[in-house]
Amino acid sequence: MSGEVLPRAFLGVERSASARRWTARLEDQRVAAAISERHDLPEIVGRVLAARGVGVNEAEAFLNPTIRSLMPQPSALRDMEKGADRLAAAIMAGEKIGIISDYDVDGVSSAAMLSLFLQAVGGVCQVHIPDRLTEGYGPSQRAVEALQAAGASLLVTLDCGVMAHDPLARAAELGLVTIIVDHHQAGEHLPEAYAVINPNRQDDVSGLGYLCAAGVTMIFLAAASKALRKAGWYGPARPEPNLLQWLELVSLATVCDVVPLKGLNRAYVTQGLKVMARRENLGLSCLVDVARLKRRPDSYALGFLLGPRINAAGRIGNAALALTLLTTREKGEAASIAQELERLNRERQEIELAVVDQAMRQADAMLGAERRAAVLVVSGRGWHPGVVGLAAARLKERFNRPSLVLAEDREGRLAAGSGRSIPGVDLGRSVREAFEAGIITKGGGHAMAAGLTVETARLADLRGFLEDRLAAQVMAAQDHALQIDAALTAGAATLELIELLEQAGPYGTAHAAPVFAFPAHRVLYAAAAGGSHVRCTIAAADGKRLKAIAFRALGTELGELLLSERQLPLHIAGRLTIDDWSGARAPSLHIEDVARVV
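Reading the values: the criteria
- Residues numbered from 1 in each chain as written.
- Predicted model: local features only at pLDDT ≥ 70, side-chain atom pairs only at ≥ 80, totals over all residues.
- Heavy atoms only, no water.
- Helix = DSSP H or I, 4+ residues; strand = E, 2+ residues; numbered from the N terminus.
- Rg over C-alpha atoms; globule rule 2.2 N^0.38 Å.
- Buried < 20%, exposed > 50% of the residue type's maximum accessible area, 1.4 Å probe, protein only.
- Contact = heavy atoms within 4.5 Å.
- Lys, Arg positive; Asp, Glu negative; His and termini not counted.
- Charge placed at Lys NZ, Arg CZ, Asp CG, Glu CD.
- Disulfide = S-S within 2.5 Å.
- Pairing = 2+ DSSP bridges.
- Expected span 1.5 Å × (residues − 1).
- Axes fitted to C-alpha atoms, helices over the stretch in contact; angles between N-to-C directions.
- Salt bridge = Lys/Arg side-chain N within 4 Å of Asp/Glu carboxyl O.
- Phe/Tyr/Trp six-rings, centres within 6.5 Å; stacked < 30°, edge-to-face > 60°.
- Lys NZ or Arg CZ within 6 Å of the ring centre and 35° of its normal.

A.B. asks: Give a description of the overall build of the chain that names residues and reports values.
C.D. replies: The helix and strand tally for the chain stands at 20 helices and 18 strands. The C-alpha radius of gyration of the chain comes to 24 Å, within 12% of the 25 Å expected for a compact globule of 598 residues. Principal-axis analysis of the C-alpha atoms gives the chain an extent of 75 × 60 × 50 Å. Out of the 598 residues belonging to the chain, those deemed buried represent 56%. Counting only contacts in the chain whose residues sit at least 6 apart along the sequence, the fraction spanning at least 24 positions is 66%. Seen as two clouds, the 65 positive and the 67 negative side-chain charges of the chain have centres 3 Å apart.

A.B. asks: Which residues make up the state of the cysteines, and what values go with them?
C.D. replies: Here, disulfide denotes a covalent bond that connects the sulfur atoms of two cysteines. Evaluated as defined, the whole model comprises 0 disulfides. We note that Cys125 lacks a disulfide partner, and the nearest cysteine sulfur, in Cys160, lies 15 Å from it. By relative accessible area, Cys125 is classed as partly exposed at 27%.

A.B. asks: If you had to explain the environment of Ile197 to someone new, which residues and values would you point to?
C.D. replies: Assignment of secondary structure puts Ile197 in strand 6 (residues 195–197). In the structure, Ile197 is positioned 278 residues away from Met475 in sequence and 34 Å away in space, judged by C-alpha atoms. Non-local contacts of Ile197, meaning those with residues more than four positions away in its chain, are made with Arg78, Asp79, Met80, Gly83, Ile179, Ile180, Val181, Asp182, Val216 and Phe220.

A.B. asks: Residue-level account of the pairing of strand 11 (residues 449–455), with values.
C.D. replies: Within a regular beta strand, the side chains point alternately toward one face of the sheet and then the other, so they alternate between its two faces. Here strand 11 lies mainly inside the structure; 5 of its 7 residues are buried. Relative to strand 11, strand 9 (residues 414–420) is paired through 7 bridges, and the arrangement is antiparallel. By the bridge assignment for strand 11, Gly417 is matched with Leu452. As judged from the 5 bridges shared by strand 10 (residues 442–446) and strand 11, these two strands associate in the antiparallel manner. By the bridge assignment, Gly443 is partnered in strand 11 with Leu452.

A.B. asks: Explain helix 9 (residues 213–230) to me, and be specific about the residues and the numbers.
C.D. replies: The end-to-end C-alpha distance of helix 9 is 26 Å, a good match for the 26 Å that 18 residues give at a rise of 1.5 Å each. Following helix 9 by one or two positions, Gly232 has its phi on the positive side, about 75°.

A.B. asks: Mind laying out the sheet that holds strand 6, listing which residues take part and the relevant values?
C.D. replies: One open sheet holds the 5 strands; their spatial order is 3-2-4-5-6, and the pairing between them is parallel. The two strands at the open ends of the sheet, each matched to only one other strand, are strand 3 (124–128) and strand 6. Neighbouring strand axes in the sheet, compared pairwise and without regard to direction, differ in orientation by 20° on average. The sheet contact formed by strand 2 (residues 96–101) and strand 3 spans 5 bridges and is parallel. Within the sheet, the bridge partner assigned to Ile99 lies in strand 3 and is Val127. The strands that helix 6 (residues 105–121) touches are strand 2, strand 3 and strand 4 (152–158); relative to strand 2, the one it contacts most, it runs at about 165°.

A.B. asks: Can you tell me about the pairing of strand 10, naming the residues and giving the values?
C.D. replies: Across the 5 residues of strand 10, 4 count as buried, placing the element largely inside the fold. Counted between consecutive antiparallel strands, the loop separating strand 10 from strand 11 contains 2 residues.

A.B. asks: Explain the side chain of Arg432 to me, using residue names and the numbers behind them.
C.D. replies: Its place among the elements puts Arg432 in helix 17 (residues 427–436). In contact with Arg432, not counting residues within four places along its chain, are Met163, Gln185, Ala186, Gly187 and Gln202.

A.B. asks: Could you give me a rundown of the pattern of salt bridges, with the residues and numbers involved?
C.D. replies: A side chain with one charge can pair with a side chain of the opposite charge if their charged atoms come near. Taken as a whole and assessed by the stated rule, the structure comprises 34 salt bridges. Between Asp593 and Arg20 there is a salt bridge, with the nearest N and O atoms lying 3.7 Å from each other. Of this pair, Asp593 sits in strand 18 (residues 586–596) while Arg20 sits in the segment before strand 1 (21–24), placing them 573 residues apart in sequence. There is no split in this pair, since Asp593 and Arg20 are both buried. The partner of Asp357 in a salt bridge is Arg361, with the nearest N and O atoms 3.2 Å apart. In this pair, Asp357 and Arg361 are both assigned in helix 15 (residues 331–367), 4 residues apart and thus about one turn of the helix distant. With relative accessibility at 58%, the residue Arg361 sits in the exposed group. The structure contains a network of salt bridges with shared partners spanning Arg348, Glu352, Arg394, Glu397 and Arg552.

A.B. asks: I'd like to hear about the sheet that holds strand 11, residue by residue, with values.
C.D. replies: If you trace the 5 strands from one edge of the open sheet to the other, you get 7-8-9-11-10, paired in mixed fashion. Since the sheet does not close on itself, it has two edges, and those belong to strand 7 (376–381) and strand 10, each with one partner. Strand-to-strand, the axes of this sheet are offset by a mean angle of 20°, without reference to chain direction. Set on the sheet, helix 17 makes contact with strand 8 (403–408), strand 9, strand 10 and strand 11; between it and strand 10 the angle comes to about 160°.

A.B. asks: Describe the packing of aromatic side chains, with residues and values.
C.D. replies: Per the counting criterion, the structure on display carries 1 aromatic pair. Geometrically, the ring pair formed by Tyr300 and Phe304 is stacked, given 4.9 Å between the ring centres and 25° between the ring planes. Within this pair, Tyr300 and its partner Phe304 are both found in helix 13 (residues 299–316), separated by 4 residues, close to a single helical turn. Positioned above the aromatic ring of Trp233, the side-chain terminus of Arg238 is 3.8 Å from the ring centre. Sitting over the ring of Phe62, Arg266 keeps its end group 3.7 Å from the ring centre.

Written out as C-alpha cells, the structure is:
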C-alpha cells in the first residue's frame, strides 16, 4: 500500500532464500515483561505469549486451558441437544446404530470415540468407513442400504454428510433417522436429516467453527451422556463413563486436521496429550512404540509421527484397520495392527514420492517463468488417490499457493482428489461455490483443505473459477514476512530453553511455534537425507554447534544454499526441537529459512 511504513527488517534480511522479508514478531516488549513479572515466567515465555496476542490478564488461562472452563453448553450448537436426545433414546431402546465416518484421522477418531462410548453405555452399533478407492468420501447409497439391511434404524455420520444430499435422501426413503456430525462448510440447503450438528452450517452462531469433527463429537457424547443421566440410565451395574479418557483421540484429530489451536481446541490438545502420556489406549501405545517415539507426546508427534501412520490405513489399505487399532482391548491385536500400519506408511511414502515428482513437474510447467497462476490444479492418470492430498500439501509448501492434485480415472473422464491451502485463503468455500455453480460434480471442505470430483473436460473451467475467486486472497496471503521471535546462538539452543518454551505450547495452526534466527552461523556440514530433506550442522563464531534439518528442501533455493555455501556465514531461521532418535536427547533446529549476510 502506498505510504505504508514497513517494520524494520530483522537482521537486515529484506529477501531470504524463500523470498521472504524477516521481521520481529514482537516490537513492543512491555506486555511480554508484564506477563513474565505477574505470572513468574521466564522472559522468553512472556515474549512468546505476548507476540501471539495473549494479554497479561489472559496468560494464566491460556497456559492452563481446561475442558471445564471452555466446554460449551450443548444448546450453543444448532441441533446438538436434539441429536443427542435421539441418540440417547436409541441406546435405551436397544436400537442398532449405524455409523459412517470419513477415512482420515479425524473421521476414524470420531468413529472410535462414538463406538467406545456406545460399548460403555450398552449401545449397539455397526461402523462403516468408506473405501477411498471404490466408494470415495462420505456416505454412499450402497453403504446406507447395507446398514439398513443389517438392522440399523439410526444413522450417524461423522466428519462427513453435510453435502451428501442424495445418499441421505435414500436413507430417509429406507426409514433411517439420520444425525449428521460434521465440521465442513455447509451449503444453504442441508441434506435430509433429523439433526445436522455442524458449527459451520450457515445458521449456527456458536462460534465453534474452528473445531474438527472429533471436537464436535466430544460435545455430542457429553450431551448424550447427560441425557442418559437425566433418564436414570446409569447405575451400579452400568456406571457413567468418564469421557475425558477419549481426549487423546480428540487431540490427535485436532492436530492432524490442522484446525486452529485456539479456545476449546487448546484445551483438547493440552489435556489430551496428558491422557496419551498415560498410555491407556493400547492401540496408540503400540503405535507410539513402532514410531520409536521415546519422549512425551507433543503436537509434532501427533501430526508427523502418529497421524501419517493412522492415515496410511485409509490411503492405501483399509481404514477399518485404524479403527480397530484405536478401539481394541487385545494387546496382541494392537501390536500386530501397529506393525501393519508402519508397513503401509512406508509403502505410502514410496507411492507419494512418485506422484509428487510428476505433480511438481506439471505445476512448474503450469506456472511458467512468470509464476502468475494463483492456484495450482494438476491431474494425472494412474496417480494413487490415497496420496493426492499429501502431494497437494507438498505443492502448497513448495509454491506457497493453494494446490489441488487430482487422480484421473482409467478412462480419463473424471478426476478426483484433494487440495490444501495457505493461511488466509479459504479453499473450502470456493470449492463449495464451484459445486453450487455446477463446475464440479462433488466437493466440499474447510478453509485449509478440500476434496472434489470434476469431469476432466471441465478442468480448465475449474482453474479459471478458482483463479477468479482466490487470486486476490492469494496475493495478499503471499505478501508476508517470516516473523522472528528472537535471535540466538547455537550455544544458547539448550534442552532447558526448549523445555521452557513448551510452557507456552502446544503449538500448531493459529498458534505458531517460536522461530529463532541464528545470525551469521556457518554451515559446517550438509547433505541430502531421506530423499527430499537436507541435514546439516551449523556453528556460531565461538565454535558451538547445532544439528539441523530442512525438510523437503532439496531442489529449492533454500536447500541449494545450505548444500553449497561453506565459505561465508548465513543467517539461519527455524524452530527448536528435541532430537531423541538415537536415544540421547539433544537440541535440534528445523530450518525454515536462510539468508545471506549483507
